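Examining the three-dimensional arrangement
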Amino acid sequence: MKYKDYYAILGVERSADADAIKKAYRKLAHKYHPDVSKDPQGEAKFKDVAEAYATLKDAEKRAAYNQLGRHAPGEDFRPPPDWGRQFGDSHAFEGIDLSDLFEHFAGHGRGAGARRAHIPIPGQDYEGAAHISLEDAYRGATVDLELNVSELDERGLMRRVPRSFKARIPKGATDGQRLRLKGKGGKGINGGPDGDLYLNVALHPHPLFRASGHDLYLDLPLAPWESVLGATVKVPTLGGAVELKVPPGTQAGQKLRLANRGLPKPHDGAGDLYAIAQIVVPGHASDKERALYQQLAEGASFNPRGHFEEEGKHERQTH
Amino acid sequence: MNAKLTETSWLDAHCEVSLAELASLSGLAEAELRELVEYGAFAPNDPRATQWTFSGECVVTARAAQRLREDFDLDPNALSVAVGLLERIHALEAEVRALRAQLPRRVR
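The text that follows walks through the structure, step by step, so that each part is easy to find. (Residues numbered from 1 in each chain as written. Chains lettered and ligands numbered in written order. Predicted model: local features only at pLDDT ≥ 70, side-chain atom pairs only at ≥ 80, totals over all residues. Heavy atoms only, no water.)

1. Focus on the overall build of chain B
Operational definition: Here a helix means four or more residues in a row that DSSP labels H or I, a strand means two or more in a row labelled E, and each is numbered from the N terminus. Note on method: radius of gyration uses C-alpha positions; expected globular size equals 2.2 Å times residues raised to 0.38. Here, two residues are considered to be in contact whenever any of their heavy atoms come within 4.5 Å of each other. Per-residue and other accessible areas were derived by the Shrake-Rupley procedure at a 1.4 Å probe size, with only the shown protein chains allowed to occlude residues. Only four residue types enter the tally: Lys and Arg on the positive side, Asp and Glu on the negative side, with His and both chain ends excluded. Note that the charge is assigned to NZ on lysines, CZ on arginines, CG on aspartates and CD on glutamates.
The number of helices and strands found in chain B is four helices and four strands. The order of α-helices and β-strands along chain B, N terminus first, is β-β-β-α-α-β-α-α. On C-alpha atoms alone, chain B measures out to a radius of gyration of 17 Å, which is more than a quarter above the 13 Å that the 2.2 N^0.38 rule sets for 108 residues. Structurally, chain B occupies a C-alpha span of about 60 × 40 × 30 Å along its principal axes. Across chain B, every contact between residues at least 6 apart in sequence was considered, and the portion connecting residues at least 24 apart equals 56%. Of the roughly 6600 Å² of accessible surface on chain B, a fraction of 53% belongs to carbon and sulfur atoms. Measuring between centres, the 12 positive side-chain charges of chain B sit 13 Å from its 17 negative side-chain charges.

2. Thoughts on the interface of chain B and chain A
Our working rule: Each of two parts loses accessible area, computed with a 1.4 Å probe, when they are put together; buried area is these two losses added. Salt bridges are identified by distance alone: a Lys or Arg side-chain nitrogen within 4 Å of an Asp or Glu carboxyl oxygen. Whenever a nitrogen or oxygen atom comes within 3.5 Å of another N or O atom, the pair is scored as a polar contact, on the condition that within protein one atom can donate a hydrogen and the other can accept it, and that pairs from neighbouring residues in sequence are kept only if both atoms are in side chains. Put simply, Ala, Val, Leu, Ile, Met, Phe, Trp, Tyr, Cys and Pro go in the nonpolar bin, Asp, Glu, Lys and Arg in the charged bin, and everything else, Gly too, in the polar bin. DSSP-based pairing: two strands are paired if at least 2 bridges between them are found.
Residue-level contacts link 33 residues of chain B with 47 residues of chain A. Here chain B packs against chain A, burying approximately 3700 Å² in sum over the two surfaces, 54% of which is carbon and sulfur. Area buried by chain B at its contact with chain A is led by Trp10(B), Phe72(B) and Arg105(B), which between them contribute 20% of it. Our count for the chain B to chain A interface comes out at seven salt bridges. Ionic pairing is found between Glu127(A) and Arg63(B), a salt bridge with its closest N-O pair at 2.9 Å. The tally of links between chain B and chain A comes to 21 residue pairs in polar contact (both at pLDDT 80 or more). Contributing elements (two or more residues each) for the side of chain B that touches chain A: strand 1 (2-6), strand 2 (9-10), helix 3 (57-72) and helix 4 (76-102) of chain B. Per-element tally for the side of chain B that touches chain A: the top contributor is helix 3 of chain B, with eight residues. The residue inventory of the side of chain B that touches chain A, partitioned by class, reads 16 nonpolar, six polar and eleven charged. Examined bridge by bridge, strand 4 (residues 178-181) of chain A and strand 2 of chain B share two bridges and lie antiparallel to one another. Note that in strand 2 of chain B the partner of Arg180(A) across the bridge is Ser9(B).

3. Quick word on the packing of helix 1 (residues 19-26) of chain B against helix 3 of chain B
Describing two packed helices takes the angle between their axes plus the distance from one axis to the other. Residue and element names in this part refer to chain B. Applied cut-off: A fitted line through C-alpha atoms serves as each axis, taken over the contacting stretch for helices, and the angle formed by two N-to-C directions is quoted from 0 to 180°. For classification purposes, an angle smaller than 35 degrees is called roughly parallel, one larger than 145 roughly antiparallel, one from 65 to 115 roughly perpendicular, and anything else oblique. By convention the crossing between two helices is left-handed if the near helix lies anticlockwise of the far one by an angle smaller than a right angle, and right-handed if it lies clockwise.
In contact at an axis separation of 9 Å, helix 1 and helix 3 are set at 50 degrees when each is read in the N-to-C sense. By the criterion of interaxial angle, the relationship of helix 1 to helix 3 is oblique. Helix 1 and helix 3 meet at a crossing whose hand is right-handed. For the pair formed by helix 1 and helix 3, the contact residues are Leu22, Leu25 and Ser26 on the first element and Cys58, Val59, Ala62, Arg63 and Gln66 on the second.

4. Things to note about empty space enclosed by the protein
Note the following rule: Space inside and on the surface of the protein is sampled on a 1 Å grid over the protein atoms alone, with a cavity defined as a set of points where a 1.4 Å probe fits but cannot get out and a pocket as an open set with protein on both sides within 12 Å along at least 5 of 7 lines; lining residues have an atom within 4 Å of a point. Grid points are joined across faces, edges and corners, and a volume is the space filled by probe spheres set on the points.
Counted according to the given criterion, the structure contains one cavity of 30 Å³ or more. Within this model, the largest cavity holds a volume of roughly 30 Å³. Lining the largest cavity are Glu127(A), Arg178(A), Tyr198(A), Val60(B), Arg63(B) and Arg67(B). Examining the composition of the lining of the largest cavity, we find that three residues originate from one element, helix 3 of chain B, more than from any other. Looking at side-chain class alone, the lining of the largest cavity contains two nonpolar, no polar and four charged residues.

Below you can see the structure in the form of structure tokens.
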């Protein structure tokens, strides 16, 4: 069994009183709780903090923990021989996690008491993320999931068991959407239902499309003459390239909608694809092109900054 | 490896759960859920109905509420404030994501 220094995790002295332990826990919970924290490592850190607090806040568990002695964090250790007699079965410590040890702690815990009393206990729920590509969201996908779930072994002890399975992500999932996998969490005890696995869908960034719900956005670079004269251009969509009519006089930033070309919605219909016009100029113009632009500049009456002058006049009138 | 494919179900507005189901899925007691509804942390589909039903999205919110209650030791009043603020943050984050998606990237 690997040793964890619960006092160091909470940042308190071994002699800290219950109040100091609670205060330290709260401070760290504010910092790392996955529902509150922005820290990407918050969830893992909070798990350690919550595990440490669950043991140290309970006077009996804390006493039992203290009797395990002091070891370096991560050090493989065995509880002292008399520890087993006092708190549980000393032969059962091989390959189990310290948190599982305290969870089933000598029948003092709620869980262990209920297990002995044959009260049905539902299995633990788990949360996880399914990272999928935009193409997977468009077509639907199967993902391989790996999970360490708590299960009772043949001796009635809680153990972490690795479990892997395939899950179907139906088409129409988008960023932040939640899915429930019934019965894929921890095993229920004494006939209690198995726990569930909740998946949070996260989309990988795509080189071309940006998703907003089921709508997709695509930058559509246009040459100046295409935006002035209009053009029919080929644009990629997740279902294959389509032709898009760019109307004459298309401004930069204008959104051209391709209805139902976004992500399919889970139950019916689909989002839209928006092509955002961007007017792009060549980095290098040939002599011929420069001459043509020069000709255009001399012949055009267009003043893109006319409104600056209007504003200026208004300013002068008001002062 | 178990080759059998696990089916998934959406937790969205199309999925409806009863008060009892919401309690069992979230780990909150029905009385606690009623209190959270009363404080406006989340709402049933039809508050006047005799048998309340909730959108599947409420499962996610109620589970977060259960974690917050458990981990921060919150009373129902404080919990409803926290859940209300979290919901607002999620709505604002969704809005930021939507606006970001519309911002053009620099064209190479």
